[in-house]
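Below, each chain spelled out in residue letters.
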Amino acid sequence: MTGAPRTRNDARAWARTGTELLLDAVAGLDEDAFSAPGVLPDWTRKHLVAHVAANADALGNLVHWAATGEETPMYASAEERAVGIAKGPTLSADELRSWLTDSARRLAAGLDGLTEAQWAHRVVTAQGRTVPATELPWMRAREVCVHAVDLGTGVVTFADLPKGFLTALVAEIKAKRGLTELPDGPLPEVAAWLAGRPHSLTDAPELGPWL
């Protein structure tokens with residue numbers, strides 16, 4: 001499963017699609033549905049949506065870094081990241097939807113404002129990787145696309161994600177996991193398996209969580 005190298009524009013398109021899927025998935029959730037478990041262990045959907053909203057704010061810090069040269073980490077500390085996630089259950093469904101929508105809009109606007117020179121500026125991720133700002137759209141695409149599925153509402157599955165995104169995701173996780181071969185199966189199911197999510201593949205060893 002190989003394809004053309006992903007581009008910044010590809011990743012931005014996938015991030016937009018993933019954001020739309022995520023917003024659609026939470027649009028009709030009431031308080032009880034929002035407070036129900038998603039796919040990820042120990043997280044309700046409120047935890048998950050808070051994480052994605054906080055991620056947009058954190059990536060916005062890296063956009064600021066790329067735009068100004070002022071060192072602005074994604075999170076001030078690991079504790080700050082945890083606080084953002086823990087904030088989810090304290091918010092109402094409407095407050096979470098607003099945070100998710102507004103943070104995504106702010107991030108998109110920030111990315112829109114980067115010049116070609118600023119896109120080349122290097123920033124440091126929460127995992128300590130030094131990357132050019134051109135990686136930020138891909139980082140966001142992974143978050144919104146995969147976590148839209150993780151809501152577990154049934155509205156979004158891996159099969160609903162763009163094929164190009166799935167191809168790029170499979171290539172990245174395969175390399176990170178050090179795998180040389182992949183099981184036979186539909187691309188969405190292989191992507192779900194690699195990401196450590198529920199899948200329909202048979203005779204495929206279970207993998208731990210990835211994102």
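Scroll up to find the structure this text is about.
Residues numbered from 1 in each chain as written. Predicted model: local features only at pLDDT ≥ 70, side-chain atom pairs only at ≥ 80, totals over all residues. Heavy atoms only, no water.

Enquirer: Break down the environment of P37 for me, citing the residues and quoting the values.
Expert: Inspection of the secondary structure puts P37 in the loop between α2 (31–34) and α3 (45–68). Residues within four places of P37 in sequence aside, it is in contact with W43, T44, R45 and L151. (Helix = DSSP H or I, 4+ residues; strand = E, 2+ residues; numbered from the N terminus. Contact = heavy atoms within 4.5 Å.)

Enquirer: If you had to explain the pattern of salt bridges to someone new, which residues and values would you point to?
Expert: Applying the stated rule across the entire model yields 11 salt bridges. With a shortest N-O distance of 3.9 Å, R6 and E172 are connected by a salt bridge. In this pair, R6 sits in the segment before α1 (8–27) while E172 sits in helix α8 (residues 163–177), placing the two residues 166 residues apart along the sequence. The salt bridge involving K46 is made with E31; its shortest N-O contact spans 2.9 Å. Linking K46 in helix α3 with E31 in helix α2, this pair joins segments that are 15 residues apart in sequence. It is possible to trace a salt-bridge network through shared partners that takes in R6, E135, R142, E172 and K176. (Salt bridge = Lys/Arg side-chain N within 4 Å of Asp/Glu carboxyl O.)

Enquirer: Go over α3, please, and point to the residues and values.
Expert: With 24 residues, α3 should reach 34 Å at 1.5 Å per residue; the first-to-last C-alpha distance of 35 Å fits that figure. Among the 24 residues in α3, 18 count as buried, and that is most of the element. With its phi angle positive at about 85 degrees, G69 sits one or two positions after the end of α3. (Expected span 1.5 Å × (residues − 1). Buried < 20%, exposed > 50% of the residue type's maximum accessible area, 1.4 Å probe, protein only.)

Enquirer: Explain the packing of aromatic side chains to me, using residue names and the numbers behind them.
Expert: Under the defined criterion, the tally for this structure stands at 3 aromatic pairs. For the ring pair W14 and W138, a centre distance of 5.9 Å and an interplane angle of 70 degrees mean the geometry is edge-to-face. In this pair, W14 is assigned in helix α1 and W138 in helix α7 (residues 136–150), connecting sequence segments 124 residues apart. Judged on exposure class, the residue W14 and its partner W138 are both buried. Both rings, one in W138 and one in F165, keep their centres 5.5 Å apart while their planes meet at 45 degrees; by these two values the pair is tilted. Here W138 is found in helix α7, whereas its partner F165 is found in helix α8, with 27 residues between them in sequence. Residue classification places W138 among the buried positions, given a relative accessible area of 0%. Look at F165 and you get buried, because its relative accessible area is 0%. Aromatic ring contacts, followed pair by pair, group W14, W138 and F165 into a single cluster. (Phe/Tyr/Trp six-rings, centres within 6.5 Å; stacked < 30°, edge-to-face > 60°.)

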